[in-house]
Each structure stands twice: as structure tokens, then as C-alpha cells.
Amino acid sequence: MKAIGTPQTPETLETAADWQALAQKALDGERLSVEEGLVVLEADNDEVLPLLQAVFRVRKHFYGKKVKLNMIINAKSGLCPEDCGYCAQSIVSSAPITKYPLLEKATLLVGAREAMARQAGTYCIVASGKGPTDKELDQVIEAVTEIRATMPLKICACLGLLKDDQAERLAEAGVHRYNHNLNTSRANYPSITTTHTYDQRVESVEKVKRYGLSPCSGVIIGMGETNREIVEMAYALRELEADSIPINFLNAIPGTPLEQAGRTPAMKALKVLALFRLICPSKEIRVAGGREVNLRTLQPLGLYAANSLFVGDYLTTKGQDAAADYQMIEDLGFEIEACAL
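Just so you know, these numbers come straight off a predicted model, no measurement behind them.

**Q** I keep staring at the overall build of the protein and nothing clicks. Help me out?
**A** On a plain count of helices and strands, the protein comes out with twelve helices and ten strands. Its C-alpha atoms give the protein a radius of gyration of 19 Å, within 12% of the compact-globule value 20 Å for 341 residues. Its C-alpha atoms put the protein at 60 × 40 × 35 Å along the principal axes. By the burial criterion, 58% of the 341 residues in the protein qualify as buried. Within the protein, residue pairs in contact and separated by at least 24 positions form 75% of the contacts whose partners lie at least 6 positions apart. Taken as a whole, the protein presents about 13,800 Å² of accessible surface, with 52% of it coming from carbon and sulfur. The distance from the centre of the 37 positive side-chain charges to the centre of the 43 negative ones in the protein is 2 Å.

Next up, the structure:
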């Protein structure tokens, strides 16, 4: 093995996978090189356990053994004019999903109470579409105001592209966090969607930061990106200073343009989670959509790198039973974070 601090390169993969050195580099606040990131993604599967052991040092330093739980409510389903190839709600999808306009306040409040019952510290209000109308924003704000007054929940909104005044109003209403995923790399973006740009997504994240909202932005792995592009995605989120980074693994839905895409192998998914922990060491790394069908029986190992997950269902796909998530956390000797505020 090379000495600590010596950059690793793909050519030295067989002899220089010094995972503890990379973990120390992350703990010291040093940025991994592209080559070191590729070493992680291209490591032999036999190296995954030593890699996770090293990465767990970083996760434990910042988050101990606590696991943050998040719950999504699909506040508006389908009816979306965007052509995102992965999404069952897009205009180019023929997936048989339920479609409905933005839910009324009472239903959003029921969802918040369900989040509390599931021990989720963060309640994620997600609506399809390019961006909210002012009427839709009013509905969300009305619900958020009551939730904030009655429940100890962190609220994350995901409503698409925002105007400046809309971002300001959400912040004033008490929304803590705003989610707008980069989803894929800049180079791969045109192959995934054409109705908006990568730069629009970046600007959206920067905008919510300007209005004091905590930025949440992540990726979807398994949409044709290269390993180098995965490393670039991690760097992009580091540079954006995203506080929360959901790592989704494509769950290819019949009726979408990406329906024939294969699943990400479980060992590759673990390497991806390890990479994001090393490049964004102090940030909330959430193993998110698709974990059940990609990580499968290796889901527990993902929490040695990630410190957060969604409990319950996703937008149009089913999640693992909440009781199984609680058991997984307990069996690991970890504990659910009692309150996200």
C-alpha cells in the first residue's frame, strides 16, 4: 500500500486500496481526487467490507450511530409536462399511476401525523410538475403553517423550479429544507430530459440557499452515467454545499423510457454510498429510492456509509415495510434520531 496522503490511481487498484487513508483524508477536510474517487467505485468486490469499515469511521465521527428517518407524501401525482425518462409521472410515461391535483390541507396534515407515527423526523411534501402555481404554493404554505404550529417535524418541500418570491414565501412559512435533485451528471443530462436543463437545477438549489432554506439535492444512479460522471456528481453536490444528499438507485418502471435499464448491482451501490460519504463527509447521506430493489439483502450495509433513509413508500413505487426498517436499524446496533429539529 502507498503511504497515507498519496493519491490513488486506477492503475494501482490491485495494491493500493488504502481505505483508511482515504477516510482520514475525508476527516481532515481534504478533497479526494477524481482518481481516488474512481478507486472507490472500481474496487474489487472483495474490498467492499474493508472500504465500509473505513467509511464508517467518517459516518460515526459526524453522526454516531443515529439514523435519520424521512417520509414522503406524494402531494400531487402525475399531470407533469416534463419528459424525465426515469419518472412514471412525466408526460412521456405510460405507467398506470394514479393522477390527482395538489392535495388539500387536511390530507397533508394527515400525512404529517403519519410521519410522526413512523418516527420520521422530516416530512417531505413532494409535488409533480415543473414548478408550483401561486395557488398551489398557497395550499402548501397553509398546511406548513399548521404543521409547524402543532408538530415537531422538519419540513422539506419539493415542488420543482421556484420563482424568487416563492422561495422567500416558503422560507417565511417555516419550511426548513428544499429538495431539488441534480439527478445525473451535466454530460448525461440531455439523455435524461430535454424540457429543462442541468443549469436550471443548479440555479434552483442556489436560489433556495439565498433565501435561507437548507438545500437538499441528490442523484439517481443507474441512468447510463459513467463512473467518472458519478464522481463528478458527488463533487457537484459538494460544491453546492447540499446539506442533505439522497442517493437514489433507479427502479426502472414499466412504461417509462428507462424501463429496460438494469438494476445497479448491490456491491456497486455500496461503493457509491461510500464514495459520497468520502467526498461529502459531514453531510446527510440518504440511501433513498430504489434501495429495496438494488441493495436487496445488503440494505443494512448501506447504513455504514449513509445515515438517513426514507421510511414507507416513495412517489409511485412501494418501499420496504417500516417494521423491517426499524428491525434493520436495531439489529445494526444503531438508533433512530428522535427529533430532526
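**Q** Teacher, can you tell me more about the packing of aromatic side chains here?
**A** Between two aromatic rings, the relevant description is the distance of the centres plus the angle of the planes. One pass over the structure, following the stated rule, counts five aromatic pairs. The interplanar angle of 75° and the centroid separation of 5.9 Å between the aromatic rings of Tyr-189 and Tyr-198 together place this pair among those described as edge-to-face. Note on accessibility: Tyr-189 and Tyr-198 belong to one class, buried. Taking the centre distance of 5.7 Å and the plane angle of 70° together, the rings of Tyr-304 and Phe-334 count as edge-to-face. One end of the pair, Tyr-304, is in the loop between helix H11 (299–302) and strand S9 (308–310); the other, Phe-334, is in the loop between helix H12 (322–331) and strand S10 (335–336), and 30 residues separate them in sequence. An aromatic cluster is present here, built from Phe-56, Tyr-304 and Phe-334 joined pairwise through their rings.

**Q** Got a minute to help me understand the packing of helix H1 (residues 19–27) against helix H3 (residues 48–63) in this structure?
**A** Geometry of a packed helix pair, given as the angle between the helix axes and the separation of the axes. Between H1 and H3, the least distance of the axes is 8 Å, while the angle of their chain directions is 20°. The orientation of H1 with respect to H3, classified from their angle, is roughly parallel. In the crossing of H1 with H3, the sense of the turn from one axis to the other is right-handed. When H1 is examined against H3, the residues Trp-19, Gln-20, Ala-23, Gln-24, Ala-26 and Leu-27 are found in contact with a partner set consisting of Pro-50, Leu-51, Gln-53, Ala-54, Arg-57, Val-58, His-61 and Phe-62.

**Q** What exactly am I supposed to notice about helix H5 (residues 134–150) here?
**A** An α-helical turn contains 3.6 residues, so any two residues separated by three or four positions project in the same direction. Taking 1.5 Å as the rise per residue, H5 with 17 residues should run 24 Å; its terminal C-alpha atoms sit 25 Å apart, in good agreement. Listing the buried residues of H5 in full gives Glu-136, Leu-137, Gln-139, Val-140, Ile-141, Ala-143, Val-144 and Ile-147. Elements that come into contact with the buried residues of H5 comprise strand S1 (66–76), helix H4 (105–117), strand S2 (122–127), strand S3 (154–158) and helix H6 (164–173).

**Q** What am I meant to see in the packing of H3 against helix H9 (residues 266–279) here?
**A** It is the contact of H3 with H9, at a shortest axis distance of 10 Å, that shows an interaxial angle of 40°. The pairing of H3 with H9 is recorded here as oblique in orientation. Crossing hand, H3 versus H9: left-handed. Residues Val-48, Leu-51, Leu-52, Val-55, Val-58, Arg-59 and Tyr-63 of H3 lie in contact with H9, whose contacting residues are Met-267, Leu-270, Lys-271, Ala-274, Arg-277 and Leu-278. Per-class residue counts for the contact of H3 with H9 are ten nonpolar, no polar and three charged.

**Q** What is the right way to look at the side chain of Arg-177 in this model?
**A** When you line up the elements, Arg-177 lands in strand S4 (residues 177–179). Classification of Arg-177 as buried rests on a relative accessible area of 7%. If we skip the residues at most four places from it in the chain, Arg-177 touches Lys-154, Ile-155, Cys-156, Ala-157, Leu-213, Ser-214, Cys-216, Asp-243, Ser-244, Glu-284 and Arg-286.

**Q** Could you clarify how one ought to interpret the pairing of S1 in this entry?
**A** The two faces of a sheet get side chains in turn, since along a regular strand they alternate between them. Of all eleven residues in S1, ten are buried, a share of seventy percent or more. Of the strand pairs in this sheet, S1 and S10 are connected by two bridges, and their pairing is parallel. Paired with Val-67 across the bridge in S10 is Ile-336. Across three bridges, the pairing between S1 and S9 is parallel. The residue of S9 that forms the bridge with Leu-69 is Leu-309. Both S1 and S2 contribute to a ladder of six bridges, which runs parallel. In the sheet register, Ile-72 faces S2, and the bridge partner there is Cys-124. Taken together, S1, H4 and S2 form a β-α-β motif whose crossover is right-handed.

The rules behind the values
Residues numbered from 1 in each chain as written. Predicted model: local features only at pLDDT ≥ 70, side-chain atom pairs only at ≥ 80, totals over all residues. Heavy atoms only, no water. Helix = DSSP H or I, 4+ residues; strand = E, 2+ residues; numbered from the N terminus. Rg over C-alpha atoms; globule rule 2.2 N^0.38 Å. Buried < 20%, exposed > 50% of the residue type's maximum accessible area, 1.4 Å probe, protein only. Contact = heavy atoms within 4.5 Å. Areas by Shrake-Rupley, 256 points an atom, 1.4 Å probe, with all protein chains shown as cover. Lys, Arg positive; Asp, Glu negative; His and termini not counted. Charge placed at Lys NZ, Arg CZ, Asp CG, Glu CD. Phe/Tyr/Trp six-rings, centres within 6.5 Å; stacked < 30°, edge-to-face > 60°. Axes fitted to C-alpha atoms, helices over the stretch in contact; angles between N-to-C directions. Parallel < 35°, antiparallel > 145°, perpendicular 65-115°, else oblique. Left-handed = near helix turned anticlockwise from the far one by under 90°. Expected span 1.5 Å × (residues − 1). Nonpolar A, V, L, I, M, F, W, Y, C, P; charged D, E, K, R; others polar. Pairing = 2+ DSSP bridges. Right-handed = clockwise from strand over helix to strand, strands pointing away.

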